[in-house]
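# Breakdown of the fold
Listed below are the residues making up each chain.
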Amino acid sequence: MNFHDSERMAGILETEGYSLTERPEDADLIILNTCSIREKAEHKFYSDLGRLRVVKKKNPEVKIGVSGCIAQQEGERIFKKAPHVSLILGPQNLTSLSELIEVDRRSSLEDRPDYAKAEIPTRRLDNIKAWVSIMYGCNNFCSYCVVPYTRGRERSRPLTDIFREVEGLSQAGYKEVTLLGQNVNSYGRNLEDGTDFTELLYRLHDLKGIERIRFVTSHPKDFSERLIKAMKELPKLCEHMHLPLQAGSDRILNLMNRGYTYRDYKEMADKLRSEIPDVAITTDIITGFPEETEEDFEKTIVALREIRFDGIFVFKYSKRPNTSALLLPGHLQDEIKAERFSRVLDIQDYITLEKNRGIIGKNIEILVEGKSKTDNDKMTGRTRTNKIVNFIGNIESKGKIIMVKISGTRHNSLDGEPLDFAQGKPL
Ligand code: 5AD
Ligand code: SF4
């Protein structure tokens, strides 16, 4: 979401005559777009901001801005801590950027109920796959999470605006869109016309040129049968569901205010797998939430073994300002959080490897995204289930959907051999 917000700020700035540079020393304006989901992201921001002091010293004309969730959370306190900052911009206030660059030491941090209706120019950094925000904010108030405080109340963009944006992408040659929201299953809840998420999917599916549609993130408590039906009926909708579980213990899920039990979750996962062959389910796990006992934690391990996710993101619980989990007794020491964190990683690594081994030898469709980041001689693409496949091929295959035979598995990716050839050479 932040990556895409950066694309939008770059789009706004382009309309103001700015262009992108890779080197801070060459810039007239530098904006740090920040995340405050965990404390670690905040630390990183403060060290980056410290480094920019040097840039400002060398070039006093440069304007430095802070946007995103830390900007919202800390507000004008940032001016006090860091006098070299000249503008502060909250995540609902991107459209104020044009005004803020004209003045010095001003902030824009208001709650903007009409932000969902704004049309914001976007400078996209990729030309095959595109991110599209469909809603902002969150109403769930999971007890550990800062997002409802920094991004505000949940608001959906009108369907016609989203449709127009994706139509533009299809005309510009994009092949894949990922619909973004903190909780996409509740898309439309605040819209007067009764539109819901599946309706949006059916509408977007008609657009020619777009070959794949993805979405993140779904919340288990709003998971619907209609979504499974849409996945069955819509060939462009990829068979991948990121469905954050967070913990395996019902007591902890309740303290987290997640609104489901492990059993509810397991039933959803089973249903998805029985109805959508080869669907990939990925998840988020938090270790060391306050009051998590060894017994509670072992339920997370059981969940990993029972569900066998295709991939997980795991986080150590991090204390966030304003959140109700701060008030819970029984905060755990970092060593316990870290020890549980590595146990989760070890188990999941084993499961991922085992699952990936199971696809060796299979022929799978991938969308080629470009050159591999780790090996310049290789191209890289993704399966419909969002797994990365690297293969020896040429640059002309970029943007094409091709078939590969999976030949090996690595830590975070698969190796493949193209089965599609042009003039005897692999695509
Ligand atoms: N501590 C640890 N992890 C967190 N997440 C959100 N807030 C916190 C926190 N305070 C994780 C959740 C969420 C993902 C985006 O980040 O797992 O699903
Ligand atoms: Fe945070 Fe929960 Fe909202 Fe996700 S659903 S953004 S974890 S409050």
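Structure first, text after, so check above.
All figures in this text were calculated on a predicted structure; none of them were measured in a lab. (Residues numbered from 1 in each chain as written. Chains lettered and ligands numbered in written order. Predicted model: local features only at pLDDT ≥ 70, side-chain atom pairs only at ≥ 80, totals over all residues. Heavy atoms only, no water.)

### As for the site of ligand 1
Convention followed: Throughout, near means a residue has at least one heavy atom within 4 Å of the molecule or strand. Whenever a nitrogen or oxygen atom comes within 3.5 Å of another N or O atom, the pair is scored as a polar contact, on the condition that within protein one atom can donate a hydrogen and the other can accept it, and that pairs from neighbouring residues in sequence are kept only if both atoms are in side chains. All accessible-area figures derive from a Shrake-Rupley calculation using a 1.4 Å probe, and residue coverage is judged against the displayed protein chains alone. Note on residue categories: nonpolar means Ala, Val, Leu, Ile, Met, Phe, Trp, Tyr, Cys or Pro, charged means Asp, Glu, Lys or Arg, and polar means any other residue, Gly included.
Neighbouring ligand 1 are the residues I37, R38, Y144, Q246, D284, I286, F315, K316, Y317, S318 and R320. At 3.0 Å, a backbone N or O of Y144 approaches a nitrogen atom of ligand 1. With respect to ligand 1, the side chain of Q246 contributes an N or O atom lying 2.7 Å from an oxygen atom. When ligand 1 is considered free in solution it has 410 Å² of accessible area, and contact with the protein chains removes 86% of it. Its residues assigned to classes, the shell around ligand 1 shows five nonpolar, two polar and four charged.

### Description of the sheet that holds strand β10 (residues 240–242)
Test applied: In this description, strands pair whenever DSSP reports at least two bridges between them. Numbered from the N terminus, helices here are DSSP runs of H or I no shorter than four residues, and strands are runs of E no shorter than two. Note on definitions: angles span 0 to 180 degrees between N-to-C directions of axes, and those axes are lines fitted to C-alpha atoms, for helices only across the stretch in contact. Any two residues whose heavy atoms approach within 4.5 Å are treated as being in contact.
Pairing is parallel in the open sheet, where three strands are placed in the order β10-β11-β12. In this open sheet, the two edge strands, each paired with only one partner strand, are β10 and β12 (311–316). With direction set aside, neighbouring strand axes in the sheet form an average angle of 15 degrees. Two elements, strand β11 (residues 280–287) and β12, share six bridges in a ladder whose sense is parallel. Directly across from I286, in β12, lies its bridge partner F315. Running over the sheet, helix α11 (residues 262–275) touches β10 and β11 and is turned about 160 degrees from β11.

### Things to note about the site of ligand 2
In the vicinity of ligand 2, the contacting residues are C138, N140, F141, C142, Y144, C145, V147, P148, Q182, H219 and R258. Partitioning the shell around ligand 2 into residue classes produces seven nonpolar, three polar and one charged.

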